[in-house]
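# Survey of secondary and tertiary structure
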Amino acid sequence: MKNSMKVAFCGVMAALSLVVMLLAGVVPVATIALPAVAGCLLIPVVVEAGLAWGFGVYGVCSVLAFFLVPDREAFLFYALFFGYYPVLYAPLGRIQSRVLRYGAKLLVFNAAAVLEVLLSVYVLGIPFESLSILGPWGPAVLLVLANLVFLLYDFAMDGLIVQYLRRFHDRLGRLLRGK
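Summary of the structure given here. Quantities reported herein were computed from a predicted structural model and do not represent experimental measurements.

## A closer look at the nonpolar core
The biggest cluster of nonpolar side chains holds 51 residues, and the ones touching the most others in it are Phe 81, Tyr 85, Tyr 153 and Met 157. By residue number, the principal contributor to this core is helix α5 (residues 72-82), which donates 9 residues. Residues contacting Met 157, with those up to four places away along its chain left out, are Cys 40, Ile 43, Tyr 85, Pro 86 and Tyr 89.

## What about the packing of aromatic side chains?
Scanning all chains against the criterion turns up 16 aromatic pairs. Measuring from centroid to centroid gives 4.8 Å for Phe 109 and Phe 150, while their planes differ by 10°, and the two rings are stacked. Placement of Phe 109 in helix α7 (residues 98-122) and of Phe 150 in helix α8 (residues 138-167) is noted, with a sequence separation of 41 residues between them. A residue is classified by how much of its surface remains accessible, and Phe 150, at 2% relative accessible area, is buried. Connected via pairs of aromatic rings, a cluster forms that spans Tyr 58, Tyr 78, Phe 81, Phe 82, Tyr 84, Tyr 85, Tyr 89, Phe 109, Phe 150 and Tyr 153. The ring of Tyr 102 carries the charged tip of Lys 105 above its face, separated from the ring centre by 5.1 Å.

## What to know about the layout of surface pockets
Summary: where empty space remains is shown by rolling a probe the size of a single water molecule over the atoms. Counted as a void, the largest pocket has a volume near 800 Å³. Lining the largest pocket are 29 residues, with Phe 77, Ala 113, Glu 116, Val 117 and Ala 146 positioned closest to its centre. For the lining of the largest pocket, the secondary structure elements donating two or more residues are α5, α7 and α8. With 9 residues, the single largest contributor to the lining of the largest pocket is α7. In terms of residue class, the lining of the largest pocket is made up of 25 nonpolar, 2 polar and 2 charged.

Rules used throughout
Residues numbered from 1 in each chain as written. Predicted model: local features only at pLDDT ≥ 70, side-chain atom pairs only at ≥ 80, totals over all residues. Heavy atoms only, no water. Core = buried A, V, L, I, M, F, W, Y, C linked by side-chain atoms within 4.5 Å. Buried < 20%, exposed > 50% of the residue type's maximum accessible area, 1.4 Å probe, protein only. Helix = DSSP H or I, 4+ residues; strand = E, 2+ residues; numbered from the N terminus. Contact = heavy atoms within 4.5 Å. Phe/Tyr/Trp six-rings, centres within 6.5 Å; stacked < 30°, edge-to-face > 60°. Lys NZ or Arg CZ within 6 Å of the ring centre and 35° of its normal. 1 Å grid on protein atoms, 1.4 Å probe; cavity = no way out; pocket = protein on both sides within 12 Å on 5 of 7 lines; lining within 4 Å. Points joined across faces, edges and corners; volume = space filled by probe spheres on them. Nonpolar A, V, L, I, M, F, W, Y, C, P; charged D, E, K, R; others polar.

Right, here's the structure in full:
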């Protein structure tokens, strides 16, 4: 793929990802879902242009989302996990041992989840007591449930990548190469 085509393709995908993030201000119940969708739009960038371009698009979208997205929590979900995880998925997938691979993925997710909670409480001013709705074990129970949802998300992302490769990779690759 020519460099100018990479730049144009990555710019379009970054813009599309940012538009999805902007919808978080319109559809407030999708605070978690829209950053996940915006992150999944980086899958074609990684496949067609490479990891460096994927991280570049993530960086651009994160900076623009910081200034433009009205839902601060949606921005945190994107910037702290959903934006870079689809890019990080390929290197993590190369870990041969299944146990180590899922251990690394869970470590990345849990670090992002804890950081997101800390920033939500101390920067956004969300009361920590809202996490204790299940009693003193509330935060731990919520983290375990979040890990289960993450494993489901990871499984869904695997299927999404396989379907992208089967259905769109050849056509988009030819289009981007100009053939």
